[in-house]
Amino acid sequence: MRWRVENIDFSRIDVQRAAANEDLMLLLCAASFVESGSDLYSHTLIDFFDGDDDFCAWLRDDWEAEELQHGRALKAYVGAVWPDFDWDASFAGFFAEYSRTCSREQLEKTRARELVARCVIETGTSSLYRTIGQCADEPVLAQIAERIHADEVHHYKIFYQAFKRYNQSERLGRYAVFRALLRRSLEIRNEDEEIAMRHVLAARYPGRVGDPQFSARRIERVSRMVMDSLPIDMSVKMMIKPLDLPARVQRGLLAATGWAVRPLSRFLFSR
Ligand SMILES: [Fe+2]
Ligand SMILES: [Fe+2]
């Protein structure tokens, strides 16, 4: 591993400053749940790539270990800032629900397609931690976010290389890759993070359980915060890389999305 959670000095956290940004704390807590449930997904993937020994060894020894470390770092951070939050109890509720979504049926039909989906997920996490780093005005969190971001970009690169390797034999055309990209991008928003956020909100505001409007408002505020700081250029570049578009088309697409994504997201979240 390129860093170790044991080497982060959590006693240096400026607790008051961190606690002042409740929306960011909600997001960190939800992220700590998803990261800490990574072993479910890694077991499913290892099973799916059975026979590819080097790749399975990387999934088991590097990828899973790093994702779980992300979970431990974020959990420790949440514990320092919200000492009264019962992380273990809330995580147990999340895990019971989340584990039902991590079956083999959720994977794509072929290995190359699944690797495209993994690129989408790692694009999402890379963008998320870059955003968290930018929103963080607390130095320890900024340090953790930077380390996790670097890991997620590294994961993306490994999945992308594996995609290219498998696609030499599967020969997916751009349309098939695009469909896999789109399918997973649409799924991303309403699964992992949404389940996690629901459990975090229930534990943080027990008096508001059963008030869906309250939850919707909090989730909307967190989503806005993320969209306002999202590194759009980086996200789009990573997302479209598997399409292997000519450089001229890529530049045009980047310019168009930079112009359209933020106003579009404001419109969506304002409804
Ligand atoms: Fe992660
Ligand atoms: Fe990752």
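As the structure is a prediction and not an experimental result, all values here were calculated from the model.

Parameters at a glance
Residues numbered from 1 in each chain as written. Chains lettered and ligands numbered in written order. Predicted model: local features only at pLDDT ≥ 70, side-chain atom pairs only at ≥ 80, totals over all residues. Helix = DSSP H or I, 4+ residues; strand = E, 2+ residues; numbered from the N terminus. Rg over C-alpha atoms; globule rule 2.2 N^0.38 Å. Contact = placed C-beta atoms within 7 Å. Core = buried A, V, L, I, M, F, W, Y, C linked by C-beta atoms within 7 Å. Buried ≥ 20, exposed ≤ 12 C-beta atoms within 10 Å, placed from the backbone. Expected span 1.5 Å × (residues − 1). Axes fitted to C-alpha atoms, helices over the stretch in contact; angles between N-to-C directions. Parallel < 35°, antiparallel > 145°, perpendicular 65-115°, else oblique. Left-handed = near helix turned anticlockwise from the far one by under 90°. Nonpolar A, V, L, I, M, F, W, Y, C, P; charged D, E, K, R; others polar.

*Asks:* I'd like to hear about the overall build of the protein chain, residue by residue, with values.
*Replies:* From N to C terminus, the protein chain includes 12 helices and zero strands. Ordering the α and β elements of the protein chain from the N terminus gives α-α-α-α-α-α-α-α-α-α-α-α. For the protein chain, whose C-alpha radius of gyration is 19 Å, the value lies close to the compact-globule estimate of 18 Å for 271 residues. Counting only contacts in the protein chain whose residues sit at least 6 apart along the sequence, the fraction spanning at least 24 positions is 82%.

*Asks:* An account of the nonpolar core is requested, with residue identities and associated values reported.
*Replies:* Ranked by internal contacts, the top residues of the largest apolar core, which has 37 residues, are L28 and A30. At the level of secondary structure, the elements contributing two or more residues to this core comprise helix 2 (22-36), helix 4 (53-81), helix 5 (87-98), helix 6 (111-135), helix 7 (139-170), helix 9 (192-204) and helix 10 (212-229). Looking at which element gives the most residues to this core, the answer is helix 2, with 10 residues. Apart from the residues within four sequence positions on either side, L28 is in contact with L74, Y77, V78 and I132. Listed in part, the 20 residues of the second largest apolar core include W63, A112, V120 and A180.

*Asks:* Help me get a handle on unusual backbone geometry, residues and values and all.
*Replies:* In this structure, R171 takes a positive phi of about 50° despite not being glycine. Summarising the element assignment, R171 is placed in the loop between helix 7 and helix 8 (174-190). On the basis of neighbour count, R171 is assigned to the exposed category, with 9 C-beta atoms found within 10 Å. Even without glycine at this site, D244 takes up a positive phi of about 55°. Along the chain, D244 turns up in the loop between helix 11 (232-240) and helix 12 (247-269). Using a count of 11 C-beta atoms within 10 Å as the deciding quantity, one classes D244 as exposed.

*Asks:* Give a detailed account of the environment of N21, specifying residues and quantitative values.
*Replies:* Positionally, N21 belongs in the loop between helix 1 (15-20) and helix 2. In the structure, N21 is positioned 90 residues away from R111 in sequence and 41 Å away in space, judged by C-alpha atoms.

*Asks:* How would you summarise the environment of F163 if you had to cite specific residues and measurements?
*Replies:* Along the chain, F163 falls in helix 7. By the C-beta count within 10 Å, which is 24 here, F163 ends up buried. Excluding its chain neighbours within four sequence positions, the residues that come into contact with F163 are A112, L115, V116, C119 and P242.

*Asks:* Requested: an account of helix 6, with residues and values cited.
*Replies:* Compared with an ideal rise of 1.5 Å per residue, which puts 25 residues at 36 Å, helix 6 spans 36 Å between its outermost C-alpha atoms and is within 8% of the ideal. Counting buried positions along helix 6 yields 21 of 25 residues, so the element is predominantly enclosed.

*Asks:* Can you tell me about the packing of helix 6 against helix 7, naming the residues and giving the values?
*Replies:* At a closest axis distance of 8 Å, the pairing of helix 6 and helix 7 adopts a crossing angle of 165°. Classed by the angle they form, the pair helix 6 and helix 7 counts as roughly antiparallel. The handedness of the crossing between helix 6 and helix 7 comes out as left-handed. Of the residues contributing to the contact of helix 6 with helix 7, the split by class is 16 nonpolar, seven polar and seven charged.

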